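Architecture and fold: a report
Read off the chains here:
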Amino acid sequence: MRFPLFLVCLMFGGAGAPVARAQSAGGHPLEPAGAAVAALDVTLYNAQANLREASDAEKADLATRVLHTTLARLLPGQLADSAAVHAAARSDSALAVAGGEPCGAIVACARLAAEAVGARWVVMAKVSKTSNLIWLLSAQLVHVPTGAIVLDDSTELKGDPATMVKVGARIFAERVARTVRAGGVTNNFPTP
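These numbers were taken from a predicted model, which means no experiment stands behind them.

Looking only at helices and strands, one finds 6 helices and 6 strands in the chain. Along the chain, from the amino end to the carboxyl end, the secondary structure elements read α-β-β-β-α-α-α-α-β-β-β-α. Within the chain, the fraction of its 192 residues that count as buried is 45%. By sequence separation, contacts in the chain at least 24 residues apart represent 64% of the contacts at least 6 residues apart. Element-wise, carbon and sulfur atoms account for 56% of the exposed surface of the chain, whose accessible area totals about 9,300 Å².

Turning our attention to the pairing of strand 5 (residues 134-143). The buried fraction of strand 5 is high, at 8 of 10 residues. By the bridge criterion, 9 bridges tie strand 4 (residues 121-129) to strand 5 in an arrangement that is antiparallel. Across the sheet, M124 pairs through a bridge with Q140, a residue of strand 5. Linkage of strand 4 to strand 5, two consecutive antiparallel strands, is achieved through a turn of 4 residues. If you look at the hairpin formed by strand 5 and strand 6 (residues 149-158), you'll find 5 residues sitting between the two strands, and G147 has a positive phi there, around 80°.

A disulfide bridge is the covalent bond that connects two cysteines by way of their sulfur atoms. Enumeration according to the criterion identifies 1 disulfide in this entry. Across the disulfide, C103 is cross-linked to C109 (sulfur-sulfur distance 2.1 Å). Its torsion about the S-S bond being -110°, the disulfide of C103 and C109 is classed as left-handed.

Next up on the list: the nonpolar core. Ranked by internal contacts, the top residues of the largest apolar core, which has 30 residues, are L71, V123 and V176. Elements that contribute at least two residues to this core include exactly strand 2 (37-39), helix 2 (56-74), strand 4, strand 5, strand 6 and helix 6 (161-181). Among the elements that line this core, the one with the most residues is helix 6, at 8 residues. By size, the runner-up hydrophobic cluster in this structure holds 18 residues, among which are L40, A80, A98 and V122.

The gaps left among the atoms become clear once a water-sized probe is rolled over them. In this structure, the largest pocket spans a volume of roughly 240 Å³. D41, A89, R90, C103 and G104 are the residues nearest the centre of the largest pocket, which is lined by 16 residues in total. Here the lining of the largest pocket gets 4 residues from one element, more than from any other, and that element is helix 3 (residues 82-89). Of the residues belonging to the lining of the largest pocket, the class tally is 8 nonpolar, 5 polar and 3 charged.

Next up on the list: the pattern of salt bridges. Where side chains of opposite charge bring their charged atoms close, a pairing between them can arise. Scanning the model with the defined rule gives 6 salt bridges in all. One salt bridge connects E53 with K129, and the closest N-O pair in it is separated by 2.9 Å. Of this pair, E53 sits in the loop between strand 3 (43-45) and helix 2 while K129 sits in strand 4, and the two are 76 residues apart along the sequence. You can call E53 partly exposed: its relative accessible area is 32%.

Here we come to the environment of A60. Looking at the secondary structure, you find A60 in helix 2. Residues A60 and Y45, 15 residues apart in the sequence, show an inter-C-alpha distance of 8.9 Å. Leave out the neighbours within four places in its chain, and A60 touches V42, T43, L44 and V127.

Thresholds, definitions, all that
The residue numbers shown here count from 1 along each chain, following its written sequence. Side-chain atom pairs in this predicted model are given and counted only at pLDDT of 80 or more, local residue features only at pLDDT of at least 70, and totals for whole chains, interfaces and linings cover all residues. Excluding hydrogens and water, the side-chain figures rest on all heavy atoms present in the structure. Here a strand is any run of E in DSSP of at least two residues, a helix any run of H or I of at least four, and the numbering for each starts at the N terminus. Throughout, exposure labels follow a simple rule: accessible area from a 1.4 Å probe, protein chains only, divided by the maximum for the residue type, with under 20% read as buried, over 50% as exposed, and the rest as partly exposed. What makes two residues a contact is simply this: any of their non-hydrogen atoms within 4.5 Å. Method for areas: the Shrake-Rupley scheme with a 1.4 Å probe, in which residue coverage is limited to the protein chains shown. Strands qualify as paired when DSSP identifies two bridges or more between them. Cysteine sulfur atoms that come within 2.5 Å of each other are treated as a disulfide pair. By nonpolar core we mean a set of buried residues, namely Ala, Val, Leu, Ile, Met, Phe, Trp, Tyr and Cys, connected to one another through side-chain atoms within 4.5 Å. Detection works on a 1 Å grid of protein atoms alone, calling trapped sets that fit a 1.4 Å probe cavities and calling open sets with protein on both sides within 12 Å along at least five of seven lines pockets, with lining residues defined by an atom within 4 Å of a point. Grid points are joined across faces, edges and corners, and a volume is the space filled by probe spheres set on the points. In this classification, Asp, Glu, Lys and Arg are treated as charged, Ala, Val, Leu, Ile, Met, Phe, Trp, Tyr, Cys and Pro as nonpolar, and every other residue, Gly included, as polar. Salt bridge, as applied in this entry: a Lys or Arg side-chain nitrogen positioned within 4 Å of an Asp or Glu carboxyl oxygen.

Keep in mind these values describe shape, not function.
Below, the structure written as structure tokens:
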């Protein structure tokens with residue numbers, strides 16, 4: 001399969017590619033490889049966009065579907081039921097912790113929702129619109145018991161928003177799966 005140059009740069013860190021930052025778990029596993037993972041819905045942030053459109057919400061929905069589908073495929077049996085996670089994120093206690101913000105944008109709320117469904121890891125992400133051609137995916141993998149942010153990625157998505165949101169969410173999900181299978185120990189990005 002052939003990829004356009006901008007996509008190759010996105011995937012492999014070439015010039016003009018997104019910045020991927022990760023915090024290490026210190027080389028020591030935090031959890032067994034089969035620990036449960038909760039994935040919250042991707043949050044949309046478009047308050048600073050030069051043009052807000054009704055279709056912007058579709059990008060967050062698309063990112064949510066790709067993130068959940070990819071995680072379910074790569075971590076079979078480990079992904080917490082999305083309906084249960086969604087309900088936990090909308091509970092009175094989660095809403096109080098979130099303080100009017102979406103639960104998926106607040107680490108304390110995400111941890112609370114994940115804990116409610118018995119997950120040891122929680123995935124949270126946000127898509128932000130700057131313009132019709134520039135979006136940002138900010139995503140974290142958080143160790144629920146300690147609150148340690150093990151992966152903290154920020155990726156600029158340039159080009160067709162739907163295509164780039166899909167690619168960004170898929171790549172982050174792949175990084176999450178590798179990290180969870182390693183017990184929370186991160187590795188260099190990308191790996192062969």
